[in-house]
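A closer look at the structure
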Amino acid sequence: MSNPERKPPRANPSLCPGAAEPKEPDLNDFTSLGLSAPILAALEQAGYTTPTPIQSQAIPPLLQGRDLVGIAQTGTGKTAAFALPILHRLAAEPKRAARHGCRVLVLSPTRELATQISESFRVYGAQLNLTVATVFGGVGHRPQIQALRGGVDVLVATPGRLLDHMATGQANVANAEILVLDEADQMLDLGFLKPIRQIIGRLPKARQTLLFSATMPEQIARLAKDFLRNPERVSVAPV
Ligand code: AMP
């Protein structure tokens, strides 16, 4: 879906202070994290040379299919930390999304963040044949309904509008394989806790679940406890 507010993710050299120095032959580059060639090519195109700390820590367990709780703020490279292994897993097991369905559901607190996340999936997945749709409130339903009709690989949505589409049968999350709750503390602040629980109730129990949050208030910790299975925990300092 097109959106005039789209901003392509840009390489941020300050995130990776060692990027210009000679590379260590170890975990400090994307190749050794186990990502596939089309994703590595897209990263090179985007100018990313070195994984950020959240990426080095989160990508290996996510590639193994583990659940994950990430304590990280925007600016740490957390979007790529979840988008890259998700794209790798989708491409490794190609499958058609069900009609009105999605293989991956990313819940985001705001329209702006949802738009950025979708754009990141498109950039990192530029060499993969995958579809991405974005759903948020405050705009017409019709283009979103059209985008959802045939099913999509990745659906990025704010909780309220997604529930609207689920209520009318235009969105169906029953076959989602991976769920990401991004900026969970923000979603709590915006009153989305109940909608999130309603949406998760419609997802299959057998799935991979990721939760990212800058802080861990009690209600978010409980959400993680209720819906994640033996999650890997990673935490990085704000940039
Ligand atoms: P995020 O925290 O996901 O919002 O990312 C912050 C910014 O850093 C975005 O502009 C990304 O495009 C950029 N970025 C993410 N990972 C890297 C990386 N490994 N190297 C350079 N820039 C990056």
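Calculation rules
- Residues numbered from 1 in each chain as written.
- Predicted model: local features only at pLDDT ≥ 70, side-chain atom pairs only at ≥ 80, totals over all residues.
- Heavy atoms only, no water.
- Helix = DSSP H or I, 4+ residues; strand = E, 2+ residues; numbered from the N terminus.
- Rg over C-alpha atoms; globule rule 2.2 N^0.38 Å.
- Buried < 20%, exposed > 50% of the residue type's maximum accessible area, 1.4 Å probe, protein only.
- Contact = heavy atoms within 4.5 Å.
- Areas by Shrake-Rupley, 256 points an atom, 1.4 Å probe, with all protein chains shown as cover.
- Lys, Arg positive; Asp, Glu negative; His and termini not counted.
- Charge placed at Lys NZ, Arg CZ, Asp CG, Glu CD.
- Core = buried A, V, L, I, M, F, W, Y, C linked by side-chain atoms within 4.5 Å.
- Pairing = 2+ DSSP bridges.
- Polar contact = N/O pair within 3.5 Å; in protein donor to acceptor, adjacent residues only side chain to side chain.
- Phe/Tyr/Trp six-rings, centres within 6.5 Å; stacked < 30°, edge-to-face > 60°.
- Near = heavy atom within 4 Å.
- Nonpolar A, V, L, I, M, F, W, Y, C, P; charged D, E, K, R; others polar.
- Axes fitted to C-alpha atoms, helices over the stretch in contact; angles between N-to-C directions.
- Expected span 1.5 Å × (residues − 1).

Glancing now at the overall build of the protein. Along the backbone of the protein there are nine helices and seven strands. The C-alpha atoms of the protein give a radius of gyration of 17 Å, which matches the 18 Å a tight globule of 239 residues would have. With respect to the principal axes defined by its C-alpha atoms, the protein has extents near 55 × 40 × 30 Å. When each of the 239 residues of the protein is scored for burial, the buried share is 51%. Look at the contacts in the protein between residues 6 or more apart in sequence, and 75% of them connect residues 24 or more apart. When the accessible surface of the protein is summed, it comes to about 11300 Å², and 51% of that surface belongs to carbon and sulfur atoms. Positive and negative side-chain charges of the protein, numbering 25 and 20 respectively, have mean locations separated by a distance of 11 Å.

Our next topic: the nonpolar core. The biggest cluster of nonpolar side chains holds 40 residues, and the ones touching the most others in it are Phe82, Leu84, Ile86, Phe121 and Tyr124. Here this core takes eight residues from helix H3 (residues 78-92), the largest share from any one element. Once you skip the residues sitting within four places of it in the chain, isoleucine 86 turns out to touch Val104, Phe121, Ile178, Val180 and Leu210. Core analysis: the second largest hydrophobic core is formed by 32 residues, Leu163, Leu188, Leu211 and Leu228 among them.

The next thing to look at is the pairing of strand E4 (residues 152-157). A regular strand places its side chains so that they alternate between the two faces of the sheet. Taking burial as the measure, the six residues of E4 include six buried ones, the bulk of the element. The pairing of strand E2 (residues 102-107) with E4 spans five bridges and is parallel. If you follow leucine 107 over to E4, its bridge partner there is alanine 157. In this structure, strand E3 (residues 132-135) lies alongside E4, joined through four bridges in parallel fashion.

Below, the discussion takes up the side chain of histidine 100. One can find histidine 100 in the loop between H3 and E2. With relative accessibility at 17%, the residue histidine 100 sits in the buried group. In terms of polar contacts, histidine 100 uses its side chain to reach the backbone carbonyl oxygen of glutamine 170, at 3.0 Å. Residue contacts for histidine 100: discarding those within four places in its chain leaves Leu148, Arg149, Gly150, Gly151, Gly169, Gln170, Ala171 and Asn172.

Attention shifts here to the packing of aromatic side chains. For any pair of aromatic rings, geometry is given as the distance between the ring centres together with the angle between the planes. Evaluated as defined, the whole model comprises three aromatic pairs. When the ring of phenylalanine 82 is compared with that of phenylalanine 212, the centres are 5.4 Å apart and the planes differ by 40°; the resulting orientation is tilted. Taken together, the residues phenylalanine 82 in helix H3 and phenylalanine 212 in strand E6 (residues 208-213) connect sequence positions 130 residues apart. Through a chain of ring-to-ring contacts, three or more aromatic side chains come together here, namely Phe82, Phe121 and Phe212.

Once that is clear, we can look at the site of the ligand. Around the ligand, the structure places 18 residues, and the nearest of them are Arg10, Asn12, Tyr48, Gly75 and Thr79. The side chain of tyrosine 48 places a nitrogen or oxygen atom 2.4 Å from an oxygen atom of the ligand. In this structure, an oxygen atom belonging to the ligand sits 3.4 Å away from a main-chain N or O atom of lysine 78. In isolation the ligand offers 490 Å² of accessible surface; the protein chains occlude 86% of this area. The class makeup of the residues in the shell around the ligand is seven nonpolar, nine polar and two charged.

All right, on to the environment of arginine 142 then. With respect to the helices and strands, arginine 142 occurs in helix H5 (residues 142-149). C-alpha of arginine 142 to C-alpha of proline 159: the two residues are 17 residues apart in sequence and 17 Å apart in space.

Attention now goes to the sheet that holds strand E7 (residues 232-235). Pairing between the strands of a sheet comes from backbone hydrogen bonds, and it takes one of two forms, parallel or antiparallel. One open sheet accounts for seven strands, arranged E3-E4-E2-E5-E6-E1-E7; its pairing is parallel. Strand pairing shows two members of the sheet lacking a second neighbour, E3 and E7, which therefore form its edges. Direction aside, the axes of adjacent strands within the sheet are offset by 15° on average.

Compared with an ideal rise of 1.5 Å per residue, which puts 14 residues at 20 Å, helix H4 (residues 111-124) spans 20 Å between its outermost C-alpha atoms and is within 8% of the ideal. Counted residue by residue, H4 has ten buried out of 14 residues, so it is predominantly covered. Of the surrounding elements, those touching the buried residues of H4 are helix H1 (37-46), H3, E2, E3 and E4.

Another point: the pairing of E6. E6 sits mainly inside the fold: six of its six residues count as buried. As paired elements, strand E1 (residues 68-71) and E6 share four bridges and run parallel to each other. Looking at E6, one finds that leucine 68 is bridged to leucine 210. Both strand E5 (residues 178-181) and E6 contribute to a ladder of four bridges, which runs parallel. Bridge pairing links isoleucine 178 to glutamine 208 in E6.

In short, the description is geometric, and any link to function would need to be established separately.
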